[in-house]
Amino acid sequence: VRVRLMDNLKGKVSSVRDIEEIETIPLEQRYPEKSTYDIIKNAADLHGDQVALRFLTDCTAEETPFDISYRDLLFKVNQTANMFNDFGLGPGEAVSYLLPNVPEVQYTIWGGQAAGIVSAVNYLLRPEQIVEILRATNCRMLVALAPTEGSDIWEKTEEVLRQMPELDYIFQVGGTGERDGKIIPFVETMETYPGDRLTSGRVIGEDEICAYFHTGGTTGSPKVAQHIHRGEVYEAWATQY
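Our subject in this report is the structure included herewith. (Residues numbered from 1 in each chain as written. Predicted model: local features only at pLDDT ≥ 70, side-chain atom pairs only at ≥ 80, totals over all residues. Heavy atoms only, no water.)

Counting its regular elements, the protein chain contains eight helices and nine strands. For 241 residues, the compact-globule estimate of 2.2 N^0.38 gives 18 Å, and the C-alpha radius of gyration of the protein chain, at 19 Å, lies within 12% of that figure. Overall, the C-alpha framework of the protein chain stretches about 60 × 40 × 40 Å when taken along its three principal axes. Within the protein chain, the fraction of its 241 residues that count as buried is 46%. The long-range fraction of contacts in the protein chain, counting pairs at least 24 apart against all pairs at least 6 apart in sequence, stands at 66%. Within the structure as shown, the protein chain displays about 12500 Å² of accessible surface, and the carbon and sulfur contribution to it stands at 50%. Taken together, the 22 basic and 37 acidic charged side chains of the protein chain have centroids lying 5 Å from each other. (Helix = DSSP H or I, 4+ residues; strand = E, 2+ residues; numbered from the N terminus. Rg over C-alpha atoms; globule rule 2.2 N^0.38 Å. Buried < 20%, exposed > 50% of the residue type's maximum accessible area, 1.4 Å probe, protein only. Contact = heavy atoms within 4.5 Å. Areas by Shrake-Rupley, 256 points an atom, 1.4 Å probe, with all protein chains shown as cover. Lys, Arg positive; Asp, Glu negative; His and termini not counted. Charge placed at Lys NZ, Arg CZ, Asp CG, Glu CD.)

So, about the packing of helix 5 (residues 127-136) against helix 6 (residues 153-163). Across the interface, helix 5 lies against helix 6 with an axial gap of 9 Å and an inter-helix angle of 55 degrees. One way to sum up the angle between helix 5 and helix 6 is to call them oblique. As for how helix 5 packs across helix 6, the hand of that crossing is right-handed. Counted together, Pro127, Glu128, Ile130, Val131, Leu134 and Arg135 of helix 5 and Lys156, Glu159, Val160 and Gln163 of helix 6 form the full contact between these two elements. (Axes fitted to C-alpha atoms, helices over the stretch in contact; angles between N-to-C directions. Parallel < 35°, antiparallel > 145°, perpendicular 65-115°, else oblique. Left-handed = near helix turned anticlockwise from the far one by under 90°.)

Within the largest apolar cluster, 55 residues are counted, with the highest numbers of intra-cluster contacts made by Phe84, Val143, Phe171 and Phe186. Residues in contact with Phe171, not counting those within four places in the same chain, are Met83, Phe84, Phe87, Met141, Leu142, Val143, Ala144, Ile184 and Phe186. (Core = buried A, V, L, I, M, F, W, Y, C linked by side-chain atoms within 4.5 Å.)

So, about the sheet that holds strand 3 (residues 94-98). If you walk across this open sheet you meet the seven strands as 7-6-5-3-4-8-9, and the pairing is mixed. Edge positions in the open sheet fall to strand 7 (183-185) and strand 9 (224-228), since each of these has one partner strand only. Across the sheet, the mean angle separating the axes of adjacent strands is 25 degrees when strand polarity is ignored. Where strand 4 (residues 117-120) lies against strand 8 (residues 209-214), three bridges are found, and the strand directions are parallel. Directly across from Ala120, in strand 8, lies its bridge partner Phe213. Along the sheet, helix 4 (residues 103-115) contacts strand 3, strand 4, strand 5 (139-145), strand 6 (169-173) and strand 8; its crossing angle with strand 4, the most-contacted strand, is approximately 140 degrees. Those strands touched by helix 5 are strand 3, strand 4, strand 5, strand 8 and strand 9, and its axis lies near 160 degrees from that of strand 3. (Pairing = 2+ DSSP bridges.)

Okay, the environment of Asp152 next. On the secondary structure map, Asp152 appears in the loop between strand 5 and helix 6. Classification of Asp152 as partly exposed rests on a relative accessible area of 39%. In the structure, Asp152 is positioned 95 residues away from Thr57 in sequence and 18 Å away in space, judged by C-alpha atoms.

Moving on: the side chain of His214. On the secondary structure map, His214 appears in strand 8. Residue classification places His214 among the buried positions, given a relative accessible area of 17%. Within the structure, the side chain of His214 is placed 3.0 Å from the backbone nitrogen of Asn122, a separation counted as a polar contact. (Polar contact = N/O pair within 3.5 Å; in protein donor to acceptor, adjacent residues only side chain to side chain.)

What the rule picks out here adds up to twelve salt bridges. A salt bridge links Arg162 to Glu159; the nearest nitrogen and oxygen atoms lie 2.7 Å apart. Of the two residues, Arg162 and Glu159 are both situated in helix 6; the distance of three residues between them amounts to about one turn of the helix. For Arg162, a relative accessible area of 58% gives the class exposed. Its relative accessible area of 24% is what places Glu159 among the partly exposed residues. Across the pair Arg197 and Asp196 runs a salt bridge, and its minimum N-O distance is 2.8 Å. (Salt bridge = Lys/Arg side-chain N within 4 Å of Asp/Glu carboxyl O.)

Of the pockets and cavities examined, the largest pocket occupies roughly 210 Å³. Lining the largest pocket are Phe55, Leu56, Thr57, Phe66, Asn101, Val102, Pro103 and Glu104. Residues belonging to the lining of the largest pocket are distributed by class as follows: five nonpolar, two polar and one charged. (1 Å grid on protein atoms, 1.4 Å probe; cavity = no way out; pocket = protein on both sides within 12 Å on 5 of 7 lines; lining within 4 Å. Points joined across faces, edges and corners; volume = space filled by probe spheres on them. Nonpolar A, V, L, I, M, F, W, Y, C, P; charged D, E, K, R; others polar.)

Here it is, written out as structure tokens:
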């Protein structure tokens, strides 16, 4: 998703003097966005029906891709954020996910950041490692893939829930939900929420934490790094070049 630029630096850096000139303009004046939600909202205004995301299920030449426009992405992000918020997620609280690269992972990442904090967890980790990360991030909710052939994500999720009964909800991608209302069908539930706005009315501060990302854990238990909105907005702007 592209950040709307107030200037264009392409081709301007050829000497130290060019760098000094660039640095006379404060970074916050180079783009108007303060949060990742602002990026997605502005991209929808700018690019509308253009393709933002393209997914292939089988990765074959004959396959028709599943495309998501910038406008539809914003709509789904709003719906997801509103769902998380309605189930109790707020600023400073985390929702984690155990998902492969499916459309719902994008809705979860950006909707989670619009409602609170999103915590990415590698589904290849052992259940006890996953539990350790969820507890370290004070996670209240988990989004996970339903039972799927060739995947053990749901089996790990059930073990996580057994070890961590304090989880409020598990949103099941591709499933119907069960177990006394604690397991919620993600898509079916998300689609009942409005997608034209954030119903919370939240104004996101640029220095608020938006995401947790754990390290690989190759030399011990994974450690958790914090991202703030200001940092992710800068990354989106800087990596355009």
